[in-house]
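Notes for the structure review
Spelled out from the first residue to the last, the chains are:
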Amino acid sequence: MSKDEKLHPETNSFGKSAVDVNVAQKVLHRDENAIHFKRRKIAREGFKNLHVVLDFDHTLTSSFTVGGERCHECHDIIHNIGVACANAGDDYDDEWTTFREEIDRMWSDAEAGLHSGGLREWWERFNEIMVRHNFSRENLILAVDSANTIMRPGACELLDLLKRNNVRTTIVSAGIHDVIEECFKRRFGVDLHENVRIVANVPVWDKDILQGWKGPLIFSRNKAEVLNALGYCSKDDFMKLPKNIILAGNSVGDVDCLHGITHECNLTFGFLNKEATDDSSALALSKFQENYDLVECGKDADFGYLTQFLSMIENQSEH
C-alpha cells in the first residue's frame with residue numbers, strides 16, 4: 001500500500017478528505033480539479049519546497065473584534081495616536097489633534113479623488129505627515145498598545161506550525177514594519193521565527209524620532225513590483241527558492257504578489273471579510289473567485305482550512 005493510500009484511503013490523494021468536512025463547507029472553490037492537483041503537488045514536495053506568503057491587515061489580523069468593532073489596520077493605529085496618548089495620561093492632545101486632522105483631510109481628499117498621484121500619493125503624504133510631527137518610537141508603542149487589533153482565529157496556530165517546520169514565510173504588507181513587529185510582540189505575544197521576513201514600509205529613526213522612510217515605498221497595488229525589486233523574482237536564485245507558494249490575502253491586490261516571486265505552483269486563499277448578501281458583496285465575491293483558488297466569506301472566517309492542510313503535510317513528514 002502506498003503512502004497516499006495510508007493517509008487518505010477514501011480518495012487515494014491529498015484531497016478533500018484531508019480537511020474536516022465542517023471546515024471545507026465554509027470554503028468556496030474556484031476549480032476543484034485544479035485545487036486538488038495543487039494540493040497534491042504541495043503535499044508531495046513538502047515543507048522544504050514551500051513558501052507561505054501572508055498579508056497582515058485583516059488577513060493575519062481579524063477584520064472585526066469580538067464586540068463587532070472594525071479592527072484597526074496599521075495606519076488606523078497611527079491615526080489614533082492622540083487617543084493613545086490621552087489614555088497614557090500624556091499632555092499631547094493639541095499636537096495630536098492637529099496630526100489627526102491632517103490625516104482626516106488626506107483621507108477625505110482620497111475619497112474625493114483629489115490625489116493626482118493615486119494610491120502612491122496617499123502613502124507618501126501619510127509618511128510625510130508622520131515625519132513632520134516628529135513621530136517617535138514611544139508614540140508608536142503607545143498607539144499599538146491602545147489599538148483594538150487582534151489576530152484572526154487560527155493565525156497563531158498557523159504561525160506556530162510554520163515555525164515548528166521552519167517554513168519560509170513572508171508577510172507582505174502596505175502597512176508599517178515597526179507597527180507590525182510591535183503588534184506581534186506586544187499585542188499577540190507571538191515570537192516570529194527566523195525564517196519569517198516582514199516586507200513593509202520601514203521607518204528610519206534617529207534617537208527614536210522618525211526621520212524618514214527606507215525605500216522602496218510599498219502600497220496596496222505595487223506589492224509585486226516591490227518583491228521583484230527585493231530579489232524575490234531573480235532567476236539566479238530560482239533553484240534556491242521554494243517551488244510552491246501558499247498565499248493568503250484579503251484583497252484582489254494581494255494576489256498580485258505572485259507576479260513578484262519566482263515559483264512553479266501556487267494555492268491562493270482569500271478572506272472576503274463580509275457575507276455575500278447583496279449585489280455589492282456578491283460582486284466582490286465574484287472578483288475574489290476570479291483571483292483566488294479558495295475563498296471564505298464572513299466576519300468569523302478563520303485559518304482552519306490552511307492549518308488543517310499544513311498539519312496533514314506535517315503528519316506525513318513524520319512517518
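Given the structure is predicted, the values throughout are model-derived calculations rather than measurements.

1. Focus: the pairing of strand 3 (residues 168–176)
Of all nine residues in strand 3, eight are buried; the element is thus mostly enclosed. Relative to strand 3, strand 2 (residues 50–54) runs parallel, the two sharing four bridges. Along strand 3, the bridge assignment pairs Val53 with Thr170. Pairing analysis gives five bridges linking strand 3 to strand 4 (residues 196–206), with the strands arranged parallel. Bridging from a neighbouring strand, Val172 pairs with Val199 of strand 4. Chirality of the crossover, the property in question, places the unit of strand 3, helix 11 (residues 177–188) and strand 4 among those that are right-handed.

2. Focus: the sheet that holds strand 2
The strand order across the open sheet built from eight strands is 1-8-7-6-2-3-4-5, with neighbouring strands paired in mixed fashion. At either margin of the open sheet sits one strand with a lone partner, and together these are strand 1 (27–29) and strand 5 (209–214). Taking the axes of each pair of neighbouring strands and ignoring which way they run, one obtains an average angle of 25° across the sheet. Packed on one face of the sheet, helix 3 (residues 32–45) meets strand 1, strand 2, strand 6 (244–249), strand 7 (265–272) and strand 8 (294–297) and runs near 120° to strand 7.

3. Regarding the confidence of the model for the chain
Summary statistics for the chain give a mean pLDDT of 86 and a share of 83% for residues scoring 70 or more. Note on residues 1–18: pLDDT under 50 across the span, and 31 contacts to partners over four residues away in sequence or across chains.

4. A few points about helix 3
Taking 1.5 Å per residue, 14 residues should reach 20 Å; helix 3 reaches 20 Å between its end C-alpha atoms and fits that length. Those residues of helix 3 that sit buried are Ile35, Lys38, Arg39, Lys41, Ile42, Ala43 and Glu45. Those residues of helix 3 that are buried are in contact with strand 1, strand 2, strand 6, strand 7, strand 8 and helix 15 (304–317). For helix 3, the N-terminal cap is Asp31; the gap from its side-chain oxygen to the backbone nitrogen of Asn33 is 3.2 Å.

5. As for the pattern of salt bridges
The tally for this structure, following the rule as stated, stands at 16 salt bridges. With a closest N to O distance of 2.9 Å, Glu45 and Lys41 form a salt bridge. Taken together, the residues Glu45 and Lys41, both in helix 3 and four residues apart, mark about one turn of the helix. Per residue, the accessibility class of Glu45 equals that of Lys41, and both read buried. Taken together, the salt bridges that share partners define one network made up of Lys26, Glu296 and Asp302.

6. Overview of the environment of Val295
Assignment of secondary structure puts Val295 in strand 8. Separated by ten residues in sequence, Val295 and Leu285 place their C-alpha atoms 8.2 Å apart. Residues in contact with Val295, not counting those within four places in the same chain, are Lys26, Val27, Leu28, Gly270, Leu272, Leu285, Phe288 and Gln289.

7. Considerations on the packing of helix 10 (residues 155–164) against helix 15
At a minimum axis distance of 10 Å, the contact between helix 10 and helix 15 shows a crossing angle of 25°. What the angle tells us is that helix 10 and helix 15 run roughly parallel. Considering how the two elements wind past one another, helix 10 and helix 15 form a crossing that is left-handed. Side by side, helix 10 and helix 15 meet where Glu157, Leu158, Leu161, Leu162 and Arg164 of the first sit next to Thr307, Leu310, Ser311 and Glu314 of the second. Per-class residue counts for the contact of helix 10 with helix 15 are four nonpolar, two polar and three charged.

8. Overview of the side chain of Asn273
Among the secondary structure elements, Asn273 is positioned in the loop between strand 7 and helix 14 (279–291). A relative accessible area of 12% places Asn273 in the buried class. Within polar-contact distance, the side chain of Asn273 engages the backbone oxygen of His58 at 3.3 Å. Setting aside chain neighbours within four positions, we find Asn273 in contact with His58, Ser63, Phe64, Arg152, Asn250, Gly298 and Lys299.

9. Observations concerning the packing of aromatic side chains
Within this structure, the stated rule accounts for ten aromatic pairs. Between Phe184 and Phe188, the ring centres sit 5.7 Å apart and the planes meet at 85°, which makes this aromatic pair edge-to-face. With a gap of four residues between them, Phe184 and Phe188 both fall in helix 11, about one helical turn apart. For Phe184, a relative accessible area of 1% gives the class buried. Each residue in the set Trp122, Trp123, Phe126 and Phe219 is aromatic and connected to the rest through ring pairs, giving one cluster. Directly above the ring of Phe271 sits Arg152, whose terminal nitrogen or CZ lies 3.9 Å from the centroid. Between the NZ or CZ atom of Lys299 and the centre of the ring of Phe64, over which it lies, the distance is 4.5 Å.

Conventions used here
Residues numbered from 1 in each chain as written. Predicted model: local features only at pLDDT ≥ 70, side-chain atom pairs only at ≥ 80, totals over all residues. Heavy atoms only, no water. Buried < 20%, exposed > 50% of the residue type's maximum accessible area, 1.4 Å probe, protein only. Helix = DSSP H or I, 4+ residues; strand = E, 2+ residues; numbered from the N terminus. Pairing = 2+ DSSP bridges. Right-handed = clockwise from strand over helix to strand, strands pointing away. Axes fitted to C-alpha atoms, helices over the stretch in contact; angles between N-to-C directions. Contact = heavy atoms within 4.5 Å. pLDDT = per-residue confidence, 0-100. Expected span 1.5 Å × (residues − 1). Polar contact = N/O pair within 3.5 Å; in protein donor to acceptor, adjacent residues only side chain to side chain. Salt bridge = Lys/Arg side-chain N within 4 Å of Asp/Glu carboxyl O. Parallel < 35°, antiparallel > 145°, perpendicular 65-115°, else oblique. Left-handed = near helix turned anticlockwise from the far one by under 90°. Nonpolar A, V, L, I, M, F, W, Y, C, P; charged D, E, K, R; others polar. Phe/Tyr/Trp six-rings, centres within 6.5 Å; stacked < 30°, edge-to-face > 60°. Lys NZ or Arg CZ within 6 Å of the ring centre and 35° of its normal.

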